[in-house]
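# Topology and contacts: notes
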Amino acid sequence: MIVGVGNLYRGDDAVGILVARYFRRFFNHDVRIIDVDITFEDLISEWKNFDLVILIDAVKSGDEAGKIYRFEYGVDKVPAFLGFYSTHSFGVMEYVEIARTLGTLPGKLIIYGVVGKNFNIGDSISHRVKLACRKLVGLVLEDLK
């Protein structure tokens, strides 16, 4: 399963959705692709049935826009300075922890965070994040092997 998280109307926050939609063109039935068409509550109850889930979201940090972070949940520690961008009261990591508590995590969860800089309503995706999307596609394909 590939999950793209974000908001298409908030610039760099669209990165997860855009990458997930890119993959939708290539995977018909082998890989389930989800972008904004599912709630987190539904997601964490559904993804437990998958051996591998790759989740992609925008993050904020002191780093330059376009930097890509990769974490395997339960193996890698997510740095405290890294903030997954959310316009809601709960973000990606809070839902991951809820899923862990409920025992609904997938077999393996890989989380990609792409550093963004443009998050205001109506912003365009930044050039550096667009370039990161290309690199991210290759990284995700490696994880799917």
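In this text, all values refer to a predicted model and were calculated from it rather than measured experimentally. (Residues numbered from 1 in each chain as written. Predicted model: local features only at pLDDT ≥ 70, side-chain atom pairs only at ≥ 80, totals over all residues. Heavy atoms only, no water.)

## A word on the overall build of the chain
In plain terms, the rule: Put simply, DSSP marks the helices as runs of H or I at least four residues long and the strands as runs of E at least two long, and each gets a number from the N terminus on. With C-alpha atoms as the basis for the radius of gyration, the globule rule is written as 2.2 Å multiplied by the number of residues raised to the power 0.38. Any residue under 20% of the maximum accessible area for its type is buried, any over 50% is exposed, and the rest in between are partly exposed; the area is computed with a 1.4 Å probe on protein chains only. In this description, contact between two residues means that some pair of their heavy atoms is separated by no more than 4.5 Å. Note on areas: Shrake-Rupley with a 1.4 Å probe; residue coverage comes only from the protein chains shown.
Broken down by element type, the chain carries 4 helices and 6 strands. Traced from its N-terminal end to its C-terminal end, the chain shows the element sequence β-α-β-α-β-β-β-α-β-α. By the compact-globule yardstick of 15 Å for 145 residues, the chain fits well, its C-alpha radius of gyration being 14 Å. Considering only C-alpha atoms, the chain reaches an extent of 35 × 35 × 25 Å along its principal axes. Burial status across the chain gives 47% buried among its 145 residues. Restricting to contacts in the chain with at least 6 residues of sequence separation, those with at least 24 account for 73%. On the chain, roughly 7800 Å² of surface is accessible, and the fraction owed to carbon and sulfur atoms is 50%.

## Quick notes on the pairing of strand E6 (residues 108-115)
Along a regular strand, successive side chains alternate from one face of the sheet to the other. Spelled out, the test is: Strand pairing requires that DSSP identify at least two bridges connecting the strands.
A large share of E6 lies buried, amounting to 7 of its 8 residues. Where strand E4 (residues 68-72) meets E6, 5 bridges bridge the pair, whose relative direction is antiparallel. Bridging across to E6, Tyr 69 finds its partner in Gly 113.

## Structural notes on a nonpolar patch on the surface
Just so we agree on the cut-off: Exposure above 30% relative accessible area and the lack of any salt bridge qualify a residue for a patch; like charges then connect within 9 Å, and the nonpolar side chains Val, Leu, Ile, Met, Phe, Trp and Tyr within 5 Å. Salt bridges, as used here, are contacts in which a Lys or Arg side-chain nitrogen is within 4 Å of a carboxyl oxygen on Asp or Glu.
On the surface, Leu 8, Tyr 9 and Leu 18 cluster together into a nonpolar patch covering about 300 Å² of accessible area. The class of Tyr 9 is exposed, set by a relative accessible area of 62%.

## A short note on the nonpolar core
The test is simple: What is meant by a nonpolar core is a set of buried Ala, Val, Leu, Ile, Met, Phe, Trp, Tyr and Cys residues, joined one to another through side-chain atoms within 4.5 Å.
Within the largest apolar cluster, 25 residues are counted, with the highest numbers of intra-cluster contacts made by Val 19, Phe 23, Ile 56, Tyr 112, Leu 136 and Val 140. Looking at this core, the elements with two or more residues in it are helix H1 (15-24), strand E3 (52-60), E6 and helix H4 (127-144). In terms of residue count, H4 provides more of this core than any other element does, 6 residues in total. Aside from chain neighbours lying at most four places away, what touches Ile 56 is Ile 2, Val 3, Gly 4, Val 5, Gly 16, Val 19, Tyr 112, Leu 136 and Val 140. Met 1, Ile 34, Ala 99 and Ile 111 belong to the second largest nonpolar core, which has 15 residues in total.

## Focus: helix H3 (residues 92-102)
Filter applied, for reference: Arc, as used here, means the arc of the directions from the helix axis to the C-beta atoms.
Every buried residue belonging to H3 is among Val 92, Met 93, Tyr 95, Val 96 and Ala 99, and all of these are buried. On an axial view of H3, the arc spanned by its buried residues comes to 160 degrees, and they lie on one face. For H3, the exposed residues set more than 90 degrees away from the buried face come down to Thr 101 and Leu 102.

## Thoughts on the pattern of salt bridges
Overall, the coordinates contain 6 salt bridges when judged by the stated rule. Ionic pairing is found between Arg 32 and Glu 46, a salt bridge with its closest N-O pair at 1.9 Å. Pair noted here: Arg 32 is in the loop between H1 and strand E2 (33-34) and Glu 46 is in helix H2 (residues 40-46), with a separation of 14 residues, a long-range link. In this structure, Glu 97 engages Arg 100 in a salt bridge whose closest nitrogen and oxygen atoms are separated by 2.8 Å. Taken together, the positions of Glu 97 and Arg 100, both in helix H3 and 3 residues apart, correspond to about one turn of that helix. You can call Arg 100 partly exposed: its relative accessible area is 46%.

## Topic: the pairing of E3
Burial analysis of E3 places 8 of its 9 residues in the buried class, the great majority of the element. Relative to E3, strand E1 (residues 2-4) runs parallel, the two being bridged by 3 bridges. Looking at E3, one finds that Val 3 is bridged to Leu 55. Where E3 meets E6, 8 bridges bridge the pair, whose relative direction is parallel. Bridge pairing in E6 links Ile 54 to Ile 110.

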